[in-house]
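Each chain is listed here by its residues.
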Amino acid sequence: RYSAEFSPTAAGGFWINQHLKLRASASRAFRVPTYTDLYYSDPANMGNPNLRPERAWTYEAGVDWSPSSHVHAGLTVFERRERDGIDYYRTDPNAIWQAVNIDNLTFKGIEASVRLSGGLDFRYAFLHGSQDTVPLGETKYSFNYPMHSFVANWQRALPAGLLFRTRVGVLDRLARPEYALWDVYAGRARGTVHPFVQVTNLTNADYQEILGVVMPGRSILGGVEVGVHRK
């Protein structure tokens, strides 16, 4: 029942000099409600067959800086303006989640990154959202976002074709306790047979990315990858 949609994108960049680049973009997106959003209901959730498609404009501008071959940095500011955002909403913890359109949603944020030679990579993001449609309550997705997010990665090639990488992330979600996650991977990257071991959530942190969905604790995965090469 939906008509055609026009979703343009425009992006451009300008090199001030060999080390500094400015960039900007604007784009439009849309999303029709899923079957679940429209019709699925259970004791905790209720669909809404009258949902309208979700539409959004996103704008961003940034700068990339590479003072040498050993350092690459970037800074981006962005804004996303949604109309008829699709989400699940309830007024109190004992109520049923109901699918609704949120007329006006605005998200503004900053992303920063620094990549160093030697396999080090740091990223930080700040996000702030606002709306003027639904009264005070809870949403499943729109207002469960991380206000502050920091991730540090380190990857190192070792002798004998071994590869080691680790990632630490710290997230501070809106109205939720902050938590940290630590993942580690080690494996052999050379040859045909590649044994590996991977540990996720090394500190066994208790956290939820989506409200009410408890994520796995410490997990260990090991295995062997075999590459078959054909001449």
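Residues numbered from 1 in each chain as written. Predicted model: local features only at pLDDT ≥ 70, side-chain atom pairs only at ≥ 80, totals over all residues. Heavy atoms only, no water.

A. Focus on the nonpolar core. Of all hydrophobic cores here, the largest spans eight residues; its members are Tyr-89, Val-100, Ile-102, Leu-105, Phe-107, Leu-127, Val-134 and Tyr-145. Here this core takes four residues from strand β6 (residues 97–116), the largest share from any one element. Formed by six residues, the second largest nonpolar core is a distinct cluster that contains Leu-38, Tyr-88, Trp-97 and Ala-99. (Core = buried A, V, L, I, M, F, W, Y, C linked by side-chain atoms within 4.5 Å. Buried < 20%, exposed > 50% of the residue type's maximum accessible area, 1.4 Å probe, protein only. Helix = DSSP H or I, 4+ residues; strand = E, 2+ residues; numbered from the N terminus.)

B. Summary view of the pattern of salt bridges. Scanning all chains against the criterion turns up 13 salt bridges. The closest approach of N and O atoms between Glu-5 and Arg-55, which form a salt bridge, is 2.6 Å. Residue Glu-5 is found in the segment before β1 (9–17), and its partner Arg-55 is found in strand β4 (residues 54–68); the two are separated by 50 residues along the sequence. Using a relative accessible area of 27% as the deciding quantity, one classes Arg-55 as partly exposed. The salt bridge partner of Glu-79 is Arg-81, with a shortest N-O separation of 2.6 Å. Of the residues examined, Arg-81 reaches a relative accessible area of 38% and is grouped as partly exposed. Via salt bridges that share partners, Glu-5, Arg-28 and Arg-55 belong to a single interconnected network. (Salt bridge = Lys/Arg side-chain N within 4 Å of Asp/Glu carboxyl O.)

C. The arrangement of the packing of aromatic side chains in detail. Evaluation of the coordinates by the stated rule reveals nine aromatic pairs. Judged by centre distance (6.2 Å) and plane angle (10 degrees), the rings of Trp-57 and Tyr-59 are stacked. Among the residues examined, Trp-57 registers a relative accessible area of 35% and is labelled partly exposed. Between the aromatic rings of Trp-154 and Phe-164, the centroid separation amounts to 5.8 Å while the plane-to-plane angle is 65 degrees, which identifies the pairing as edge-to-face. Here Trp-154, found in strand β9 (residues 146–158), pairs with Phe-164, found in strand β10 (residues 162–173); they are 10 residues apart in sequence, far enough to count as distant. (Phe/Tyr/Trp six-rings, centres within 6.5 Å; stacked < 30°, edge-to-face > 60°.)

D. Fine view of unusual backbone geometry. Even without being glycine, Asp-84 reaches a positive phi, approximately 60 degrees. Along the chain, the position of Asp-84 falls in strand β5 (residues 71–90). For Asp-84, a relative accessible area of 15% gives the class buried. Phi angles above zero are rare outside glycine, and Asn-201 is one such case at about 50 degrees. Relative to the assigned elements, Asn-201 resides in the loop between β12 (193–200) and β13 (219–226).

E. Seen up close, the confidence of the model for the chain. Residues at a pLDDT of 70 or more form 98% of the chain, whose mean pLDDT is 92. Within the chain, the lowest mean pLDDT, 84, falls on strand β8 (residues 138–139), and the highest, 97, falls on β1. (pLDDT = per-residue confidence, 0-100.)

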